[in-house]
Amino acid sequence: MTAEPPMPGPDVQVPTRMLVEALVRADLTVDTGEVYATGNLLGMTDQQVRLCIKRLVAEGRFTHEGRGRKAILRATGATEQTLGLDVEFVAHAFGQDAGLAPWDGTWHLVAFAVPETARAARDALRAALTRLGGAPIQGGLYVSANPWEPYVEDHARHLDVIDHLTVATTRDLRQGDQDDPAALARTLWPLAEIAERYHRLTAVAEPRLERLRDHADLSEAGQLTIAVELAAEFTRAMDPDPLLPPQLLPQPWPGSHARALVAQCWALLNEKAGPDSESTCLFRLYGDLARTATART
């Protein structure tokens, strides 16, 4: 693989962990030769990549078959489940952008009272609720605008605290005298910070979209580098996003524009890769989700 010309716009820092996850193929395997080569293009040393692979295997995220650059990593069930959830949330985001997931006005509440003897499980549940887009209202009480109960209950069962969990819904949520849903959303979630992440994603995606459009002879290495950089920045923007319905967000919402730009990049990457390419499946899958949502409108 050879180096491509510098990309205008903000630099993208790709964690080694994200590099590996972005290169997971449709059969849930990763070619370590591709990981090393792409990592080198992104400024990573072989030692950094080697240590990351070792950590991921030690954590039970992947199994390792073979040696060196000819080895194959295979995603474990835990990693497959995480990737599956990510795909569900990305599909939901594109569905919202396409107007396919209007809000019905229902708030979804989760309360928990996990004893001090299970502090680790309590902390893990709190972290899971935040990752699922929940916002704390008061101690042990979280709210989401999306029907998150199945995901919450799965986490609670896994942590063995399901008996300490209470779920409820309401269409009448107030904090003090405030009951306007959009105003509540501004109070409960850091929308300005989330919007700024999407502005950065736009700044990253625009020059890469231009390069994909203007350089028909872009090398496979260049395409792969763009795909991984987009995956990293897309993840940074999406991870803290509670995916609130458009009715609760300032309009125009920068997340919709940023995702549309990235979807165009993925579409071009798909075209350039060709139907028989074994290249990274992450952008292929996300691109398919965007096209499906658009086709349904």
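What comes next concerns the included structure. (Residues numbered from 1 in each chain as written. Predicted model: local features only at pLDDT ≥ 70, side-chain atom pairs only at ≥ 80, totals over all residues. Heavy atoms only, no water.)

## Thoughts on the packing of aromatic side chains
Here is step 1 of the chain: With the rule as written, the count across this model stands at 6 aromatic pairs.
Here is step 2 of the chain: Plain terms: the ring middles of W103 and W107 are 5.1 Å apart, the flat faces sit at 70 degrees to each other, and that makes the pair edge-to-face. W107 carries the same exposure label as W103, and that label is buried.
Here is step 3 of the chain: Measuring from ring centre to ring centre gives 6.5 Å for W107 and W189, while their planes differ by 15 degrees; the resulting arrangement is stacked. Of the two residues, W107 sits in strand β4 (residues 107-112) while W189 sits in the loop between α7 (181-188) and α8 (191-214), which places them 82 residues apart along the sequence. (Phe/Tyr/Trp six-rings, centres within 6.5 Å; stacked < 30°, edge-to-face > 60°. Buried < 20%, exposed > 50% of the residue type's maximum accessible area, 1.4 Å probe, protein only. Helix = DSSP H or I, 4+ residues; strand = E, 2+ residues; numbered from the N terminus.)

## Concerning unusual backbone geometry
Here is step 1 of the chain: For the bond from Q251 to P252, the omega torsion is 0 degrees, close enough to zero to count as cis.
Here is step 2 of the chain: Counting through the fold element by element, P252 comes out in the loop between α9 (220-238) and α10 (254-273).
Here is step 3 of the chain: Despite not being glycine, L28 shows a phi value in the positive range, around 65 degrees.
Here is step 4 of the chain: Residues other than glycine seldom take positive phi values, yet L243 does so here, at roughly 55 degrees.

## Let's talk about the sheet that holds strand β6 (residues 141-144)
Here is step 1 of the chain: Taken in spatial order, the 4 strands of this open sheet run β5-β6-β4-β7, and their pairing is antiparallel. Here the strands that pair on one side only, and so sit at the sheet edges, are β5 (135-138) and β7 (165-170). Shown here is a sheet whose adjacent strand axes are inclined to one another by a mean of 30 degrees, direction ignored.
Here is step 2 of the chain: With 6 bridges connecting them, β4 and β7 associate as antiparallel partners. Paired with V110 across the two strands is V167, which belongs to β7.
Here is step 3 of the chain: Where helix α5 (residues 119-131) meets the sheet, its contacts fall on β4, β6 and β7, and the angle it forms with β4 comes to roughly 170 degrees. (Pairing = 2+ DSSP bridges. Axes fitted to C-alpha atoms, helices over the stretch in contact; angles between N-to-C directions. Contact = heavy atoms within 4.5 Å.)

## Some remarks on α9
Here is step 1 of the chain: In this model, α9 (19 residues) spans 26 Å end to end at C-alpha, consistent with the 27 Å of a helix rising 1.5 Å per residue.
Here is step 2 of the chain: Of all the 19 residues making up α9, 16 are buried; the element is thus mostly covered by neighbouring parts of the structure. (Expected span 1.5 Å × (residues − 1).)

## A short note on the sheet that holds strand β2 (residues 62-65)
Here is step 1 of the chain: Read across the sheet, 3 strands follow the order β1-β3-β2 without closing on themselves; strand pairing throughout is antiparallel. Because the sheet does not close on itself, it has two edges, and the strands there are β1 (29-31) and β2. Pairs of neighbouring strands in the sheet enclose a mean axial angle of 25 degrees, with direction left out of account.
Here is step 2 of the chain: Both β2 and strand β3 (residues 72-75) contribute to a ladder of 4 bridges, which runs antiparallel. If you follow T63 over to β3, its bridge partner there is R74.
Here is step 3 of the chain: The strands touched by helix α2 (residues 32-41) are β1 and β3; relative to β1, the strand with the most contacts, the crossing angle is about 55 degrees.
Here is step 4 of the chain: Across the sheet, helix α3 (residues 46-58) is in contact with β2 and β3; its angle to β2 comes to roughly 120 degrees.

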